[in-house]
Structure formats: structure tokens, C-alpha cells
Amino acid sequence: MSKKKKFRPHQQRQAYLFILPSMIILSVFVFIPLGASLVISLLNMNIFMKDISFAGIHNFVKLFSDHRVANATFNSFYFTLFEVPLQVGLALMLTMYVAKNNKYTKLLRSTYYLPFVCSMTAMGIVWSMMLDPNMGLVPYWLSKIGIDSISFLKDPNLAMPTVIAVTAWKGFGYTLTLLTAAVLNISSSLYEAADMDGAGQWKKFIHITIPGIFPTISFCIVTTTISSLQVFDQTYVMTQGGPLNRTETVVQYIYDRGFQTAPYDLGYASAISVYLFVIIAIVTFVLKRFVLNKGEEAND
């Protein structure tokens, strides 16, 4: 015990040295900007940093009466509530078919994962061109089977569902990879016992696969939800928040108020950023309490 106590401070110093690079990166790109946003949210300040004055909670009071903040919040939750189940559900269904170690399924997994490594901006531009009613491939193919040209990104009722579908298509490969890795870690003896009892594929999926990978499913739900609430790239590239602000999200409105529309009000944009941070923190806490913890309990 004395030797362990003697060497423990030295071992702790080594541990701190290992985590130091990560802490520096987190401080520069997360903690310091977060603190700066909180400070700026209490100021009247534009992008040129002229005529700075203390605003107190005025910016926060203002955002609760701003109908565009309410609209952007609704759009962000609308996107999240449909995109997360679609992405996780699609990955979960395909997991049944690709969770095998042969050349064909490995090729499929690589193919599905490929869109995830591509830039969302690039994918948004490609899909915008493919869905263009005048020159896009998708409207052209639809016209060949008798369906009139559809403005997927200009119709207020279709714009957000289209963005959701494109996002789920791009991201489900990552979720599929995680779920497949979890499935491959399930003991084959469980499936062999189920085969001896005469269980079909569906029963094995429900009673063995789902419980076995539930912790991974919970993790995917939490991380995908956090990412979805911060959606920006695809809506900005594909719809610019339109039509009629039906796809404008909170992050996009922050960018618009702070960097795109005069008077470039950084103070107000930072207040909305803090507002979004609080929303994400609350949603994450709820998901951790009712989803992630349940997954950990199932794993135990």
C-alpha cells in the first residue's frame, strides 16, 4: 500500500499530461467560446465591435417576443423529431441484413458509410441540383412515370421533409456501423439456442438483437438528437431557410442575425446561442435520464 501511495502522484501527473492536449483543444474551441458567448449576450454589440454597451437581460427578454425565434425553435424540433427516428430506424432495419462477416455485407457497409464521410455542404449542393424542378434528375425520372414536376425545396409543405430525408440518408451509415458492431458482439450461442427452440428471424431480432444492442441504440439516439438540434449546413445550402422561413432553424437564425443581416447584432445572436445551449442541455439531461440510463441498465 505504501508503494502504491508513493507512486500515485507520479502516475496522476502522467495522466494529466495525456489529457492536456485534449483539454487545450476543448478550452480553445468549446469552453472559451461558450464563456465569450455568455458575456457577449449581455452586451449591445455588433460585428464591428463599435458602440458597445451593457444590455443586461434585454437580449433575452427580446428573444422571447421574437416570432422568428419561436418559428426557428419549432422547425428545429420538427426536424429532430422526424430525422432521429428515421435515421436510427433505417439503420436498425438494415442491421438485420448487413450484420454478417462476408465480402458482400462488408461492401454494403462501406457503401452505406460513404455518404457520412462527405461534406454535408457538398451533399446539400448535389441534392439541390438533383431535386431542381427544371434540370434535376429526380423530377425528370418522376415525369417519366407520369408524375408532374415537383418543387421539393420550394414547396413549403415539402421543403423540410426533403431536408430530413437527405440528412437521414447521409447520416444513417454511421449509425448503421455502430449498430452492426454491437450486433457482431452478441454471443452466437444465443441465436443457436433460439434456432433450437424454433424461433424465426423476427423473434430473434426482437428478443435477442434489440436487447443486446439497446445501449448502442440509446447512445445513437442521444448523439443524433444533439446533432439534429444544431442543424444548419443542409438547410442553409438547400433552402436558405425558405420557403416562408419553413426550414429556418435556430442555428441558421443565429447566423443571420449575427453575420448576415444588418445591424449584425452579435449580442442578440449570442443570446439566442445561449438559449439554444440551454435547450440542448435540458433535452440531453432528459434523454440521459430516460434513454441512456435505461440502456446502461439493460447492458448490466
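Residues numbered from 1 in each chain as written. Predicted model: local features only at pLDDT ≥ 70, side-chain atom pairs only at ≥ 80, totals over all residues. Heavy atoms only, no water.

**Brief notes about the nonpolar core**
Item 1. In terms of nonpolar packing, the biggest core is built from 23 residues, with Leu-63, Val-69 and Ile-272 touching the most fellow members.
Item 2. Of all the secondary-structure elements, those providing two or more residues to this core are helix H2 (58-63), helix H3 (67-98), helix H9 (201-229), helix H11 (250-260) and helix H12 (266-299).
Item 3. For this core, the element with the highest residue contribution is H12, accounting for twelve residues.
Item 4. When near neighbours in sequence (up to four residues on either side) are disregarded, Leu-63 contacts Val-69, Tyr-268, Ala-271, Ile-272 and Tyr-275.
Item 5. Counting residues in hydrophobic clusters, the runner-up holds 21 residues, among them Leu-176, Phe-205, Ile-208 and Ile-217. (Core = buried A, V, L, I, M, F, W, Y, C linked by side-chain atoms within 4.5 Å. Buried < 20%, exposed > 50% of the residue type's maximum accessible area, 1.4 Å probe, protein only. Helix = DSSP H or I, 4+ residues; strand = E, 2+ residues; numbered from the N terminus. Contact = heavy atoms within 4.5 Å.)

**Observations regarding the packing of helix H7 (residues 159-184) against H9**
Item 1. It is the contact of H7 with H9, at a shortest axis distance of 9 Å, that shows an interaxial angle of 155°. With respect to each other, H7 and H9 are oriented roughly antiparallel. The crossing of H7 and H9 is right-handed. On the side of H7, the interface is formed by Thr-175, Leu-178, Leu-179, Ala-182 and Val-183, while H9 contributes Thr-209, Ile-213, Thr-216, Ile-217, Phe-219, Cys-220 and Thr-224.
Item 2. Taken together, the residues of the contact of H7 with H9 break down into eight nonpolar, four polar and no charged. (Axes fitted to C-alpha atoms, helices over the stretch in contact; angles between N-to-C directions. Parallel < 35°, antiparallel > 145°, perpendicular 65-115°, else oblique. Left-handed = near helix turned anticlockwise from the far one by under 90°. Nonpolar A, V, L, I, M, F, W, Y, C, P; charged D, E, K, R; others polar.)

**Overview of the packing of aromatic side chains**
Item 1. In this structure the tally under the stated criterion is 13 aromatic pairs.
Item 2. Taken together, a centroid distance of 5.9 Å and an interplanar angle of 90° make the contact between Phe-48 and Tyr-264 edge-to-face. Note that Phe-48 is positioned in the loop between strand E1 (43-44) and strand E2 (53-54) and Tyr-264 in the loop between H11 and H12, a separation of 216 residues in sequence.
Item 3. By relative accessible area, which is 25% here, Tyr-264 ends up partly exposed. (Phe/Tyr/Trp six-rings, centres within 6.5 Å; stacked < 30°, edge-to-face > 60°.)

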